[in-house]
Amino acid sequence: MAIAINSKELLTLLEATPSWQNIMLTGRHGIGKSQILTKYFESVGMTVKTLFLGQMSDPGDLLGLPNKDEATGKTTFMPPYWFPMDGKPIVLFLDELNRARPEILQTVMDLVLNRKLAGRPLPEGSRIISACNDGDEYQLTDLDPALVSRFNVYTFRPSAEEWLLWAEREGLDERVISFISTNPEMLDRSADTKEEQGLEKDPDRRAWEKVARLLENVPNPMPVHQKVVAGIVGIQAAAQLFLSFRKEDLTPIDLLTDFKKAKKQLDKYELHQLSLLNDALARFFETDKANTLEREKVRENLKAYHDYLLKTNREAYVHFVSLIDGTGYKQMLLLINKEMPETYKQIVEFIQTL
């Protein structure tokens, strides 16, 4: 079994792995493999060429077309469209590797072993990364162990928290973010995969982004919108999402703009609801949204919320502190540390008692 990594660990792994070592990522579809890889490598100035091997029907799609060399009389292959002719290293992303035909995989073997395509070497510093779907629901081709041995293999399992933070930064619809925050198990699949429709439809991260983009300009969704959403994430997931629209939960903006008003609802909250609000608050500070609010009012209301948790709910306060002390959420900590010294002192003293 391959070692499991999340999105943050994947980025660290990419930095630590030499370019001459090939990487294989396994996991479900729609979890962001290609998106994360493309964004990372483009940020360091490398071009990513994605080849969907499952769609290739002939080795020529990968090798390029044969051509007679008039000087030698021998057959050579014209470079395919993706091959870098400028000599600059590229990232070759071989998607759907275990959906490829056996004859395509034979061509891939030479590529990953010798870093050559029909005798033409990839530029020095180029990287080869492949992605495979993993699960009984896919129609897959068994991979030769000799081919697999040419890769460092990892199971890619990005956490729900990573997706929620990404969604917050992307400005996706708050209702979808709130729903996934409350129901993280729905992010990658539905609890019911036996829906009575022509094809089973399960939610995935790509699908939830589609839903969020669809609803962002729909303040009051109608029954027809639920049907559209059901076609994207499935019947059960759509039903649960639209049921959640009837609930009025506090948002970070509610809390940071008028704590006194929010307190009336906070008094009714149980531990799990306070924990979800803590998570939402931490994610909120990681985005530019917090900078749109009046700074003094933010400090005042954040302190009031901190003091409220400290006095009324120790478990929720421990969770609040853990988000500051032990996670990737840094912006809320920076604000408290730099602009709320008394509150920061209270947090430090509390941590020391644990």
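Look a little higher up for the structure.
Parameters and conventions
- Residues numbered from 1 in each chain as written.
- Predicted model: local features only at pLDDT ≥ 70, side-chain atom pairs only at ≥ 80, totals over all residues.
- Heavy atoms only, no water.
- Helix = DSSP H or I, 4+ residues; strand = E, 2+ residues; numbered from the N terminus.
- Buried < 20%, exposed > 50% of the residue type's maximum accessible area, 1.4 Å probe, protein only.
- Contact = heavy atoms within 4.5 Å.
- Phe/Tyr/Trp six-rings, centres within 6.5 Å; stacked < 30°, edge-to-face > 60°.
- Lys NZ or Arg CZ within 6 Å of the ring centre and 35° of its normal.
- Core = buried A, V, L, I, M, F, W, Y, C linked by side-chain atoms within 4.5 Å.
- Pairing = 2+ DSSP bridges.
- Axes fitted to C-alpha atoms, helices over the stretch in contact; angles between N-to-C directions.
- Parallel < 35°, antiparallel > 145°, perpendicular 65-115°, else oblique.
- Left-handed = near helix turned anticlockwise from the far one by under 90°.
- Nonpolar A, V, L, I, M, F, W, Y, C, P; charged D, E, K, R; others polar.
- Salt bridge = Lys/Arg side-chain N within 4 Å of Asp/Glu carboxyl O.

*Asks:* Would you mind showing me how to read the overall build of the protein chain here?
*Replies:* Broken down by element type, the protein chain carries 17 helices and 10 strands. For the protein chain, the spread of C-alpha atoms along the principal axes amounts to about 85 × 50 × 35 Å. Here the protein chain, with 354 residues, has 43% of them falling under the buried criterion. A fraction of 72% describes how many contacts in the protein chain between residues 6 or more apart in sequence connect residues 24 or more apart.

*Asks:* Looking at this structure, I do not really get the environment of Leu250. What am I missing?
*Replies:* Here Leu250 shows up in the loop between helix H10 (235–244) and helix H11 (252–257). Measuring from C-alpha to C-alpha, the distance between Leu250 and Tyr81 comes to 52 Å, with 169 residues separating the pair along the chain. Ignoring anything within four residues of it in the chain, the contact list for Leu250 reads Ala262, Gln265, Leu266, Tyr269 and Leu277.

*Asks:* What exactly am I supposed to notice about the packing of aromatic side chains here?
*Replies:* For any pair of aromatic rings, the description consists of the separation of the ring centres together with the inter-plane angle of the planes. Inspection of every chain in the model, using the stated rule, returns 10 aromatic pairs. Ring centres 5.6 Å apart and planes at 50 degrees place the aromatic pair Phe179 and Trp208 in the tilted group. With Phe179 in helix H7 (residues 174–182) and Trp208 in helix H8 (residues 205–215), the pair connects residues that are 29 residues apart, well separated along the chain. By the burial criterion, Phe179 is buried, and Trp208 matches it. Connected via pairs of aromatic rings, a cluster forms that spans Tyr305, Tyr317, Phe320 and Phe350. Positioned above the aromatic ring of Phe83, the side-chain terminus of Arg120 is 5.7 Å from the ring centre. When the ring centre of Phe245 is taken as reference, the NZ or CZ atom of Arg175 above it lies at 5.3 Å.

*Asks:* Before we go on, may I ask you to explain the nonpolar core in this structure?
*Replies:* Ranked by size, the top nonpolar core spans 34 residues in total, and within it Leu266, Leu281, Phe285, Leu302, Tyr305, Phe320 and Met332 carry the most contacts. For this core, the secondary-structure elements that each account for two or more residues are H11, helix H12 (259–266), helix H13 (271–285), helix H14 (295–312), helix H15 (314–326), helix H16 (331–339) and helix H17 (341–353).

*Asks:* What's the story with the sheet that holds strand S6 (residues 90–95) in this structure? I'm lost.
*Replies:* Across a sheet, paired strands are connected by hydrogen bonds in the backbone, their directions being either parallel or antiparallel. The sheet built from six strands is open, its strands ordered S1-S10-S2-S9-S6-S3 with parallel pairing. Each edge of the open sheet carries a strand with a single partner, namely strand S1 (3–5) and strand S3 (47–52). Within the sheet, the average angular offset between the axes of one strand and its neighbour, ignoring direction, is 30 degrees. Direction of pairing for S3 relative to S6: parallel, over a ladder of six bridges. Residue Thr50 lies in a different strand from S6, and its bridge partner there is Phe93. Running over the sheet, helix H2 (residues 33–43) touches strand S2 (22–27), S3, S6, strand S9 (127–133) and strand S10 (151–156) and is turned about 165 degrees from S9. Sheet contacts for helix H4 (residues 102–114): S2, S6, S9 and S10; angle to S6, the most-contacted strand, approximately 145 degrees.

*Asks:* Got a minute to help me understand unusual backbone geometry in this structure?
*Replies:* It is generally the case that most residues other than glycine have a negative phi and that most peptide bonds are trans. A positive phi angle, near 60 degrees, is found at Glu96, a position not held by glycine. Mapped onto the elements, Glu96 comes out in the loop between S6 and H4. If you check the backbone angles, Arg115 has positive phi at about 55 degrees while not being a glycine. Secondary-structure assignment places Arg115 in the loop between H4 and strand S7 (116–117).

*Asks:* Looking at this structure, how should I read the packing of helix H6 (residues 160–170) against H8?
*Replies:* At a minimum axis distance of 12 Å, the contact between H6 and H8 shows a crossing angle of 30 degrees. Our classification of the angle between H6 and H8 gives roughly parallel. As for the relative orientation of H6 and H8, their crossing is right-handed in sense. Facing H6, whose interface residues are Ala160, Trp163, Trp166 and Glu170, H8 presents Arg205, Trp208, Glu209 and Arg213. Among the residues making up the contact of H6 with H8, the classes are represented as four nonpolar, no polar and four charged.

*Asks:* Looking at this structure, I do not really get the pattern of salt bridges. What am I missing?
*Replies:* Close approach of charged atoms allows side chains with opposite charge to pair. The full count for this structure, using the stated rule, is 10 salt bridges. Between Glu209 and Arg213 there is a salt bridge; the shortest N-O distance is 3.5 Å. With Glu209 and Arg213 both in helix H8 and four residues apart, the pair spans about one turn of that helix. One salt bridge connects Lys303 with Asp307, and the closest N-O pair in it is separated by 2.8 Å. Of the two residues, Lys303 and Asp307 both sit in helix H14, four residues apart, roughly one turn of that helix. The class of Lys303 is partly exposed, set by a relative accessible area of 31%.

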